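Spelled out, the chains give:
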2 protein chains.
Amino acid sequence: MTSPEGGSGRRAQLLSIAAELFARRGFAATTVREIAESAGILSGSLYHHFESKEAMVDEVLRAYLDEQLAAFRGAVEAGGDPRSKLEGLIRASFTVLRKHRWAMAILHNETGYLAGFERFAYLEQASREFERIWVRVLREGRSRGVFRTELNPRLTHRFIRDSIASTVRWYNPRGRMSAQTIAEQYIRIFCDGVVIPGST
Amino acid sequence: MTSPEGGSGRRAQLLSIAAELFARRGFAATTVREIAESAGILSGSLYHHFESKEAMVDEVLRAYLDEQLAAFRGAVEAGGDPRSKLEGLIRASFTVLRKHRWAMAILHNETGYLAGFERFAYLEQASREFERIWVRVLREGRSRGVFRTELNPRLTHRFIRDSIASTVRWYNPRGRMSAQTIAEQYIRIFCDGVVIPGST
DNA sequence: GTCTATAGACTGATAGAC
DNA sequence: GTCTATCAGTCTATAGAC
């Protein structure tokens, strides 16, 4: 406990290196030797900090899920009309993306693989809780007559969730497009669509 | 050459089994022993049909990319206004999804890993060609004043591409929602948005 | 906190019998 | 077309020196 993050700086640094590799190359395809080499140490030394490779991805994912859940709840509690809440949820996703981009990618890419292990059963629980939050907002908008009734709320949620998660693959924090800029484009597409109403 | 698909039935069957495993658990995480076991044979027997594990995924991906490219070109050549072309591209994606769902998932999930091998350099070429087709349609719509000018065409393309690719994770060909139903929902969200114009 | 050295399991792939 | 048997390499993880 030597830094505000609640862990030693070295530990957090190693986790960040591992997370990026897991996200870029896949969890199974990333070896502990690669993680160690990226950190400038040998693989055996990693086990002074972590119990196993699984424990590393576990810690990365839990930290992300906790913050994402808090951000989603905050967005809903901020209130407003359904559209404002929906925009808030999208913005909350991109706010968390800035800090947890690798974790978002890992969750998106590896759920199918990790869900097979009992250790990671909490991933599905978290996904269901996230879906509940989004679907509630989408249903509210529908019943108030501001969201299209022909759209399936669960499909709609997955649609936007997967779009955002996939953003991580090309998003560059030092690039031309900030997370906030991307968020505003996504809100535009998602809420209002690509086609200008009445143009055809 | 004993079947209309251009390969022996057995070969196609083995490829289908492998593709599903690659899509569900990841290419690196899937072992040749698992593929063989799913097919009811032993791992050594696989090498009578295929040169390597890489050759298997290679064949799966090439078959998909060829059909997808033809489908996209057909959609654009069908003509019509920009919105019709855009809808055609989305429908073409879902038409191909029915036959190549596992290949779509593999391409989406493993590009980051496979792109590292020279053997799979063609994946990036194909992605660029697909993007060119979509962006041309999106730009045309913009310049004709039917698509929103504030939207970045490349971002817009990736947005819908990744949404569709992610669909494979929950799409069930024997489920309540057909690929066509999903396509129409996606067209609605993507073209017109979730929010009903003038409702707020 | 890192290194050396290695155990023990698993991996993709091969050779030859049937 | 499948099986048996196995090789050579790689993987995660451990034990103990420094």
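Note that the structure is a prediction, hence the values are computed from the model and not measured. (Residues numbered from 1 in each chain as written. Chains lettered and ligands numbered in written order. Predicted model: local features only at pLDDT ≥ 70, side-chain atom pairs only at ≥ 80, totals over all residues. Heavy atoms only, no water.)

> Looking at this structure, I do not really get the protein's contact with DNA strand D. What am I missing?
Near DNA strand D, the surroundings consist of 14 residues, among which Arg33 and Tyr47 of chain A together with Leu42, His48 and His49 of chain B are the closest. A share of 64% of the atoms of DNA strand D within 4 Å of the protein falls on sugar and phosphate groups. One of the side-chain nitrogen or oxygen atoms of tyrosine 47 of chain A is found 2.8 Å away from a phosphate oxygen of DNA strand D. Contact between DNA strand D and histidine 49 of chain B: a phosphate oxygen at 2.9 Å from a side-chain N or O atom of the residue. In terms of residue class, the surface near DNA strand D is built from four nonpolar, seven polar and three charged. (Near = heavy atom within 4 Å. Polar contact = N/O pair within 3.5 Å; in protein donor to acceptor, adjacent residues only side chain to side chain. Nonpolar A, V, L, I, M, F, W, Y, C, P; charged D, E, K, R; others polar.)

> Would you mind going over the packing of helix α7 (residues 153–167) of chain B against helix α8 (residues 179–192) of chain B with me for this structure?
For any two helices packed against each other, the geometry is given by the interaxial angle and the distance between the axes. Residues and elements named next belong to chain B. At a minimum axis separation of 12 Å, α7 and α8 run at an interaxial angle of 155 degrees. Looking at the two axes, α7 sits roughly antiparallel to α8. Note that α7 runs across α8; the crossing there is right-handed. Residues Thr156, Phe159, Ile160, Ser163, Ile164 and Thr167 of α7 lie in contact with α8, whose contacting residues are Ile182, Tyr186 and Phe190. Residues of the contact of α7 with α8, tallied by class, amount to six nonpolar, three polar and no charged. (Axes fitted to C-alpha atoms, helices over the stretch in contact; angles between N-to-C directions. Helix = DSSP H or I, 4+ residues; strand = E, 2+ residues; numbered from the N terminus. Parallel < 35°, antiparallel > 145°, perpendicular 65-115°, else oblique. Left-handed = near helix turned anticlockwise from the far one by under 90°. Contact = heavy atoms within 4.5 Å.)

> It is not clear to me how the packing of aromatic side chains should be interpreted in this structure. Could you clarify?
Two measures describe an aromatic ring pair: the distance that separates the ring centres and the angle between the ring planes. On inspection of all chains with the given rule, the structure shows 19 aromatic pairs over all chains. Seen from their ring centres, tyrosine 186 of chain A and phenylalanine 159 of chain B are 4.7 Å apart, and the 90 degrees between their planes marks the pair as edge-to-face. One end of the pair, tyrosine 186 of chain A, is in helix α8 (residues 179–192); the other, phenylalanine 159 of chain B, is in helix α7, on a second chain. For phenylalanine 159 of chain B, a relative accessible area of 0% corresponds to the buried category. Aromatic pair phenylalanine 72 of chain B and phenylalanine 130 of chain B: ring centres 5.2 Å apart, planes at 90 degrees, arrangement edge-to-face. Here the residue phenylalanine 72 of chain B occupies a position in helix α4 (residues 53–77), and phenylalanine 130 of chain B occupies one in helix α6 (residues 121–143), the gap between them amounting to 58 residues. Owing to a relative accessible area of 9%, phenylalanine 130 of chain B belongs among the buried residues under this scheme. An aromatic cluster of at least three residues, connected via ring pairs, comprises Phe94, Phe159, Tyr186 and Phe190 of chain A together with Phe94, Phe159, Tyr186 and Phe190 of chain B. (Phe/Tyr/Trp six-rings, centres within 6.5 Å; stacked < 30°, edge-to-face > 60°. Buried < 20%, exposed > 50% of the residue type's maximum accessible area, 1.4 Å probe, protein only.)

> So what exactly am I meant to see when it comes to the interface of chain A and chain B here?
Where interface size is given, it is often the accessible area lost as the parts come together that is meant. Counting from both sides, the interface comprises 42 residues of chain A and, opposite them, 42 residues of chain B. Summed over both partners, the interface of chain A with chain B comes to about 4,500 Å²; 62% of that surface belongs to carbon and sulfur atoms. Interface area lost by chain A to chain B is led by Arg148, Phe159 and Val194 of chain A, which between them contribute 17%. Across the chain A-chain B interface, the total number found is two salt bridges. Counting across the chain A and chain B interface gives 24 residue pairs in polar contact (both at pLDDT 80 or more). Listing elements by their share of the side of chain A that touches chain B, those giving two or more residues are α1 (9–25), α5 (82–114), α7 (153–167) and α8 of chain A. In terms of residue class, the side of chain A that touches chain B is built from 20 nonpolar, 12 polar and 10 charged. (Buried area = accessible area lost by both parts, 1.4 Å probe. Salt bridge = Lys/Arg side-chain N within 4 Å of Asp/Glu carboxyl O.)

> How do you make sense of helix α1 (residues 9–25) of chain B when you look at a structure like this?
Residue and element names in this part refer to chain B. Taking 1.5 Å per residue as the helical rise, α1 with its 17 residues ought to reach 24 Å, and the 24 Å between its terminal C-alpha atoms agrees with that figure. Taken together, the buried positions of α1 are occupied by Leu14, Leu15, Ile17, Ala18, Ala19, Leu21, Phe22 and Ala23. Buried residues along α1 sit in contact with α2 (32–39), α3 (43–46), α4 and α5 (82–114). The first or second residue beyond α1 is glycine 26, which carries a positive phi of 100 degrees. (Expected span 1.5 Å × (residues − 1).)

> Any chance you could explain the UniProt feature "DNA-binding region" (unreviewed entry) in chain A here in plain terms?
Per the UniProt record, the feature "DNA-binding region" (unreviewed entry) sits at residues 31–50 of chain A. Secondary structure content for residues 31–50 of chain A is 60% helix and 0% strand, while the C-alpha to C-alpha distance between its ends is 14 Å. (UniProt positions renumbered as here; feature names shortened; annotations may be inferred.)

> What is the right way to look at the protein's contact with DNA strand C in this model?
Neighbouring DNA strand C are 14 residues; Leu42, His48 and His49 of chain A together with Thr31 and Tyr47 of chain B lie closest to it. If you look at DNA strand C and keep only atoms within 4 Å of the protein, 63% of those are sugar or phosphate atoms. Serine 45 of chain A places a polar side-chain atom, nitrogen or oxygen, 3.2 Å from a phosphate oxygen of DNA strand C. Between DNA strand C and histidine 48 of chain A there is a distance of 2.9 Å, counted from a phosphate oxygen to a side-chain nitrogen or oxygen. Class assignment for the residues of the surface near DNA strand C results in four nonpolar, seven polar and three charged.

> Is there a simple way to think about the pattern of salt bridges in this case?
Between side chains of opposite charge, pairing is possible as soon as their charged atoms come close. Scanning all chains against the criterion turns up 42 salt bridges over all chains. The partner of arginine 144 of chain A in a salt bridge is glutamate 140 of chain A, and the shortest N-O contact between them spans 2.7 Å. By relative accessible area, which is 19% here, glutamate 140 of chain A ends up buried. With a closest N to O distance of 2.9 Å, arginine 24 of chain B and glutamate 20 of chain B form a salt bridge. One end of the pair, arginine 24 of chain B, and the other, glutamate 20 of chain B, are both in helix α1, four residues apart, so they sit about a helical turn from each other. Among the residues examined, glutamate 20 of chain B registers a relative accessible area of 29% and is labelled partly exposed.

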